[in-house]
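Tertiary structure, described
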Amino acid sequence: MVGELAWFIGNILPYVTLAVFFIVLVYNFLKWVVMPRPLVWSLFPAKRSTFDILLTIGKRIFTLPGPRKVDKTIWVLAWLFHIGLIVSLLLHAKYVLMPTFPAEYYLGSIAGVAAAIGTVGFIIRRIDIAKDKVDSTFADYFALILLIVTLSLGAYLRLGGVVEHETMWAWVQGVLTLNPVQPPEHPLFLIHILLAQIYMMYLPFKTLVHPIAILFGQKIILDERHIYPR
Amino acid sequence: MAKRESVGKTEKVIEVPKWERVFDDFRALSDETLRLEEPKKEKFLETMSKFLTKQNWPFLLPYKLTLEACTHCGTCAEACSVYIGSGKKKIYSPVYRSDMLRKIYKKHFTLSGKLFGSLVGAKDPSEEDINALAEAVWRCTICRRCAMACPFGLDNGLITREARKIFADIGIAPDELKDKGVENHLKFGSAPKIPYEGLMNILEFLKEEIEEEKGVEVETPVDKKGAKYLVMNNAGDYLAFTETVQGIVEIMNYVNADWTLNSPNTGVFDVVNYGLFYSDEDFVRVMKAHVETINKLEPEYVVVGECGHAYDALAHFMKDLIPPEERPFKVISFMELVDGWIREGKLKLDKEKNPEPVTFHDSCKWGRTGGIYEEPRRILKAACKDFREMHPNREWNHCCGGGSGFAIMHKDDFFKFRMETYGRVKAEQLRQTGAKIVATICANCKAQFRELVEYWKLDMRYAGVSELVANALVY
């Protein structure tokens, strides 16, 4: 029974997850691409070329100048959260290409802790800003709670040495090369990958709308207006 | 309702109408406009639905994007002048205001809202909610400082304007902007209904003032066809801020420009476009009237005087909304013109004539949405002995609280709202400069500063940049 459940969570659900993730993500992206925007109400200083706009969007994604200017707390939390999460995910993805290297253990742990601090910080902040800024919805909390549980389990699995890296590596490779092998059957590992997949399926519906919005929203803000030479 | 107010050692009774409160302690819309008892939810939803289709093509993308992608991070609140000025009251945070509309959007126009309701922040509005929203959208000047701060580039200012559009479509818009604004403008040529004779008298008076003060003769050409520059002013400047028009007249004469003003005889001579604040339909009606008037006079350049939103409308929006062949003229701001003339050496200025410390207020519509940041600074540095920056400045400057037409909205105790929220932040900014003059190039800002200086007992006065330049001219 556990073996069948593990097979489903480890070798069938990932394809459903990836399909949902990419289809909804592409849909959400294309939805904005095809929407007409014949009128520009951008803000100055606006940019004069597409290259400048893209360059500035890139800079803004990594430096978050708005939050840095007006709200340092969210700026710090956003850094911890996003960098921690991105590094953690990249280390997971690396399983496809190569086995682990020694420094990865520490890097992964630091990244996980940073992402966890960011996530907990975001949860506390949401509770705090309900007093004087805006109420968060269940949907806003849901992604964060799902993530903190997933991260905590991941950290425990890693620090506690519950699952052997080689076994996990073989499983991830199997999934990605369409040659599935039996995944590790430790219940905590199965819960970890189940939650991670629910999170991934949920992302494009709600959370991943905002990185897409960065591309379109920031472009709108930065777009060239009709500037006379001066 | 009567309320007692202390004035010095005496106490006087001031009559202040107190309409029923529906959102906060203030009212911007009269009972006649808001029609509290009238059910309006169905009409509201119907109109909202219309504005979520391609019929609302100019703003559809940023509108829907902002409705859908906001994560409620609250960054915008810390950028918002009214929120900060109010002592950080939740109801004034930009995201709270947008959420009032977003909840309705989710409930009625998204699948997730229909399926999961309040779990995803969806809410079916009551009639009270609709009335509250109608008032809430008149607590934001759409200065768009929040959009500068949003990490995703979402625009709560735009959401406010979209909500105003919905209300305007069902007949709810401040009469100062709609009936006494746009409708008067289109019927009489200017929002304050200045007749031709009245305008001529004002110009004659200004001419005499310049001749008396400076000992030079000036011309005030009106309705001259084919002039190089057609200068269009905010009609409010002719009535309340005549020093600005006087400065413009003097400068145009000083450089011996081929120029003209225009009068109601040619159509609309008031450069304002209040439609920008609440309705695309009225916005375009006024814009078309401007284009028609300008085309009659066939100038090479239309020069926008000291009016911020007019520059946004004519220099930027018009390019997207009126085909090029229908507007065979260029649009330029008076600041760009003067800045160029100073750099070309056509204007000789003596800084000693403006010895007092001067600071500059970046109007939202000239700065964030207009792009005119450096020209007035270069001008003031050339015309004033002691120019000081206000902090923050340029794209991060705080709105004074007069924007979006607020400066001409006085009903009930809305004036107090302007002074106690936006005004509080701006007064503190002004104090910190130590300046004796705050220069600005927007009539709404001047109207707000006129009240602000008095209300917060600031030891300074306001002035138009043109006025200061004219004062520094060397003959």
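For clarity, every value in this text was computed on a predicted model and none was experimentally measured. (Residues numbered from 1 in each chain as written. Chains lettered and ligands numbered in written order. Predicted model: local features only at pLDDT ≥ 70, side-chain atom pairs only at ≥ 80, totals over all residues. Heavy atoms only, no water.)

Details of the overall build of chain A
- Helix and strand counts for chain A come out as nine helices and zero strands.
- Each helix and strand of chain A, placed in order from N terminus to C terminus, yields the pattern α-α-α-α-α-α-α-α-α.
- The C-alpha extent of chain A, read off along each of the three principal axes, is 70 × 40 × 35 Å.
- A total of 230 residues make up chain A; the buried ones form 46% of that total.
- Of the contacts made within chain A by residues no fewer than 6 positions apart, 80% connect residues no fewer than 24 positions apart.
- Of the roughly 11700 Å² of accessible surface on chain A, 76% is carried by carbon and sulfur atoms.
- The positive charge centre, built from 19 side chains, and the negative charge centre, built from 13, are 15 Å apart in chain A. (Helix = DSSP H or I, 4+ residues; strand = E, 2+ residues; numbered from the N terminus. Buried < 20%, exposed > 50% of the residue type's maximum accessible area, 1.4 Å probe, protein only. Contact = heavy atoms within 4.5 Å. Areas by Shrake-Rupley, 256 points an atom, 1.4 Å probe, with all protein chains shown as cover. Lys, Arg positive; Asp, Glu negative; His and termini not counted. Charge placed at Lys NZ, Arg CZ, Asp CG, Glu CD.)

Digging into the sheet that holds strand 10 (residues 461-464) of chain B
All names here are of chain B.
- Strand order in this open sheet of four strands is 8-7-9-10, and the pairing throughout is parallel. In this open sheet, the two strands that pair with only one neighbour each are strand 8 (386-388) and strand 10. With direction set aside, neighbouring strand axes in the sheet form an average angle of 35 degrees.
- As paired elements, strand 9 (residues 437-440) and strand 10 share four bridges and run parallel to each other. Within strand 10, the position partnered with V438 by the bridge is Y462.
- The sheet contacts of helix 19 (residues 374-383) involve strand 7 (357-360), strand 8 and strand 9, and relative to strand 7 the element is tilted by about 175 degrees. (Pairing = 2+ DSSP bridges. Axes fitted to C-alpha atoms, helices over the stretch in contact; angles between N-to-C directions.)

Comments concerning the nonpolar core
- Judged by nonpolar contacts, the single largest core of 146 residues is most densely connected at B:F44, B:L101 and B:M252.
- No other element matches the seven residues that helix 17 (residues 308-321) of chain B contributes to this core.
- With residues up to four places along the chain from it excluded, the contact list for B:F44 reads B:L101, B:I104, B:I130, B:L133, B:I166, B:F167 and B:I170.
- Ranked by size, the runner-up nonpolar core spans 27 residues in total, among them A:L64, A:A115, A:L153 and B:V120. (Core = buried A, V, L, I, M, F, W, Y, C linked by side-chain atoms within 4.5 Å.)

What to know about the pairing of strand 3 (residues 229-232) of chain B
Residue and element names in this part refer to chain B.
- Of the two faces of strand 3, both are covered, the one formed by Y229 and V231 as well as the one formed by L230 and M232.
- The pairing of strand 3 with strand 4 (residues 259-260) spans two bridges and is classified as parallel. By the bridge assignment for strand 4, Y229 is matched with W259.
- Pairing geometry for strand 3 and strand 5 (residues 301-304), over four bridges, is parallel. When the bridges of strand 5 are listed, Y229 appears paired with Y301.

Observations concerning the pattern of salt bridges
- Per the counting criterion, the structure on display carries 48 salt bridges over all chains.
- A salt bridge links A:D128 to A:K131; the shortest N-O distance between them is 2.8 Å. Taken together, the positions of A:D128 and A:K131, both in helix 5 (residues 102-132) and three residues apart, correspond to about one turn of that helix.
- Since its relative accessible area comes to 63%, A:K131 is described here as exposed.
- Linking B:R377 and B:E389 is a salt bridge whose minimum nitrogen-to-oxygen distance equals 2.6 Å. Taken as a pair, B:R377 in helix 19 and B:E389 in the loop between strand 8 and helix 20 (414-420) lie far apart in primary sequence, 12 residues in all. (Salt bridge = Lys/Arg side-chain N within 4 Å of Asp/Glu carboxyl O.)

Some points on the interface of chain A and chain B
- With 48 residues of chain A at the interface, the matching set in chain B holds 66 residues.
- Between chain A and chain B, the buried area comes to about 5000 Å², and carbon and sulfur atoms account for 64% of it.
- Our count for the contact surface shared by chain A and chain B stands at three salt bridges.
- Close ionic contact of A:K133 with B:E78 constitutes a salt bridge, the shortest N to O distance being 2.8 Å.
- At the surface where chain A touches chain B, the tally comes to 19 residue pairs in polar contact (both at pLDDT 80 or more).
- Counting residues per element, the ones that place at least two in the side of chain A that touches chain B are helix 1 (2-33), helix 3 (65-70), helix 5, helix 6 (138-159) and helix 9 (209-222) of chain A.
- The element that contributes the greatest number of residues to the side of chain A that touches chain B is helix 9 of chain A, accounting for nine residues.
- Here the residues of the side of chain A that touches chain B are counted per class, giving 26 nonpolar, eight polar and 14 charged. (Buried area = accessible area lost by both parts, 1.4 Å probe. Polar contact = N/O pair within 3.5 Å; in protein donor to acceptor, adjacent residues only side chain to side chain. Nonpolar A, V, L, I, M, F, W, Y, C, P; charged D, E, K, R; others polar.)

Section: the environment of B:R394
All names here are of chain B.
- Mapped onto the elements of the fold, R394 is located in the loop between strand 8 and helix 20.
- Sequence-wise, R394 and N131 are 263 residues apart; in three dimensions their C-alpha atoms are separated by 35 Å.
- In contact with R394, not counting residues within four places along its chain, are D362, R368, Y373, E374, R377 and E389.
- Here the side chain of R394 touches E389 through a polar contact of 3.5 Å, side chain to side chain.

Considering the packing of helix 18 (residues 334-344) of chain B against helix 19 of chain B
Residues and elements named next belong to chain B.
- Running from N to C, helix 18 and helix 19 point in directions that differ by 45 degrees, and their axes come no closer than 9 Å. Of the possible angle classes, the one that applies to helix 18 and helix 19 is oblique. Every pair of crossing elements has a handedness; the one defined by helix 18 and helix 19 is left-handed. Of helix 19, the residues touching helix 18 (which contributes M335, E336, V338, D339, I342 and R343) are E375, P376, R378, I379 and A382.
- Its residues assigned to classes, the contact of helix 18 with helix 19 comprises six nonpolar, no polar and five charged. (Parallel < 35°, antiparallel > 145°, perpendicular 65-115°, else oblique. Left-handed = near helix turned anticlockwise from the far one by under 90°.)

A word on helix 8 (residues 127-136) of chain B
All names here are of chain B.
- Within helix 8, seven of the 10 residues are buried, which leaves the element mostly enclosed by the surrounding structure.
- Within the span of helix 8, buried status applies to I130, N131, A132, L133, A134, E135 and A136.
- Those residues of helix 8 hidden inside the fold are in contact with helix 1 (31-34), helix 2 (41-50), helix 6 (94-109) and helix 10 (156-169).

Details of the domain arrangement of chain B
All names here are of chain B.
- Here chain B is partitioned into domain 1 (31-169), domain 2 (178-339) and domain 3 (346-472).
- Computed from C-alpha coordinates alone, the two centres of domain 1 and domain 3 are separated by 30 Å.
- Facing 18 residues of domain 1, the contacting portion of domain 3 comprises 22 residues.
- Both faces combined, the contact of domain 1 with domain 3 buries some 1700 Å², and carbon together with sulfur accounts for 66% of it. (Domains from an automatic or database assignment.)

A short note on the side chain of A:D223
- Within the fold, A:D223 resides in the segment after helix 9.
- Residues within four places of A:D223 in sequence aside, it is in contact with A:R37, A:V40, A:S42, A:A46, A:K47 and A:I53.

A short note on the pairing of strand 9 of chain B
Residues and elements named next belong to chain B.
- Residues of strand 9 alternate between two faces, with I437 and A439 on one and V438 and T440 on the opposite face, all of them buried.
- As judged from the three bridges shared by strand 7 and strand 9, these two strands associate in the parallel manner. Paired with F360 across the strands is A439, a residue of strand 9.
- The parallel pair strand 9 and strand 10 is bridged by helix 22 (residues 443-455), and the resulting crossover is right-handed. (Right-handed = clockwise from strand over helix to strand, strands pointing away.)

Some thoughts on the sheet that holds strand 3 of chain B
Residues and elements named next belong to chain B.
- Here we have four strands laid out as an open sheet, ordered 4-3-5-6, and parallel in their pairing. Here the strands that pair on one side only, and so sit at the sheet edges, are strand 4 and strand 6 (330-333).
- Helix 18 contacts strand 3, strand 5 and strand 6 of the sheet and is inclined by roughly 75 degrees relative to strand 6.

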